[in-house]
Amino acid sequence: MLPVSRLATLAAIYTAAEFKWEIDGRWWPIQIGKQAGELDATFPDATRFGMISASNPGDVACSDAVNRAADHELQQALDQLGLRYRPGFVIGRNRSWRAQNWLVIEPGESTFDALARRFGQTGALLWLRGTPVRLRMRATRPDTFTEHPHIDWLGDGFCPRTAQVEAIPTLNT
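One structure accompanies this document, and this report is about it. Note that the structure is predicted; figures quoted are calculated from it, not measured. (Residues numbered from 1 in each chain as written. Predicted model: local features only at pLDDT ≥ 70, side-chain atom pairs only at ≥ 80, totals over all residues. Heavy atoms only, no water.)

Our focus in this paragraph is the overall build of the protein. Counting its secondary structure elements, the protein contains 5 helices and 8 strands. Counting helices and strands in the order they occur from the N terminus, the protein gives α-β-β-α-β-α-β-β-α-β-β-β-α. Relative to its 173 residues, the protein shows a buried fraction of 47%. In the protein, the share of contacts with a sequence separation of at least 24, taken over all contacts with a separation of at least 6, comes to 64%. (Helix = DSSP H or I, 4+ residues; strand = E, 2+ residues; numbered from the N terminus. Buried < 20%, exposed > 50% of the residue type's maximum accessible area, 1.4 Å probe, protein only. Contact = heavy atoms within 4.5 Å.)

As structure tokens, then:
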């Protein structure tokens, strides 16, 4: 498990970050706590959206080559699951970090959580169409972190450092 202070810092970093997704060569913003109107308009048949990365599993910085390989593996997993997706990225407000991710259109909640677990992601975005974007943290909210109306603390005992040895059952068949 990540230390409590690191979880609080990580949640604050995610909520301040700038997320973007692409379609037809144009990049659109996504922000935790705000509705993604352009996304709703582009995919009117979708009821749920998610954003997930494979970068820096366990919230440990990895080399660009390692992160790109993990990103490719995540893209293959999305293909195998038959999910629609678009490229995306997230960047820190201070521009000190950036990570590739994928906007997933119509992911099932359990499948999305399994992907986050498999790729060692402590936090990922998952929300219903027409509602504010939500952050899902795979941990219990630290007492030092004030409750946030757009963060779901799953409290599932997730340990990102061992997540990559777990598999998504759908991908094993």
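Anyway, onward from the coordinates.
Time to look at the pattern of salt bridges. This model, assessed by the stated rule, comprises 12 salt bridges. With a shortest N-O distance of 3.2 Å, E18 and R95 are connected by a salt bridge. Taken together, the positions of E18 in strand β1 (residues 18-23) and R95 in the loop between β4 (84-91) and β5 (98-105) put the pair 77 residues apart, joining distant regions of the chain. In this structure R95 comes out as exposed when scored by relative accessible area, which is 51%. Notably, a salt bridge pairs R136 with E109, separated by 3.5 Å at the nearest N-O pair. Here E109 lies in helix α4 (residues 109-118) and R136 lies in strand β7 (residues 135-137), a separation of 27 residues in the sequence. Take R136: its relative accessible area is 10%, and that puts it in the buried class. (Salt bridge = Lys/Arg side-chain N within 4 Å of Asp/Glu carboxyl O.)

Glancing now at α4. Residues of α4 that are buried include every one of F112, D113, L115, A116 and R118, and no others. Phi turns positive, to about 70 degrees, at G120, one or two residues after α4.

The next point concerns the nonpolar core. Core analysis: the biggest nonpolar cluster contains 31 residues, and W21, I30, L39, L125, W127 and M137 have the highest contact counts within it. Secondary-structure elements contributing two or more residues to this core are α1 (4-16), β1, β2 (26-30), β3 (48-52), β5, β6 (123-128), β7 and β8 (151-153). Top element by residues in this core is α1. It accounts for 5 residues. When near neighbours in sequence (up to four residues on either side) are disregarded, I30 contacts F19, W21, A36, L39, M51, L103, L125, W127 and V133. Ranked by size, the runner-up nonpolar core spans 17 residues in total, among them A54, L74, W102 and L126. (Core = buried A, V, L, I, M, F, W, Y, C linked by side-chain atoms within 4.5 Å.)

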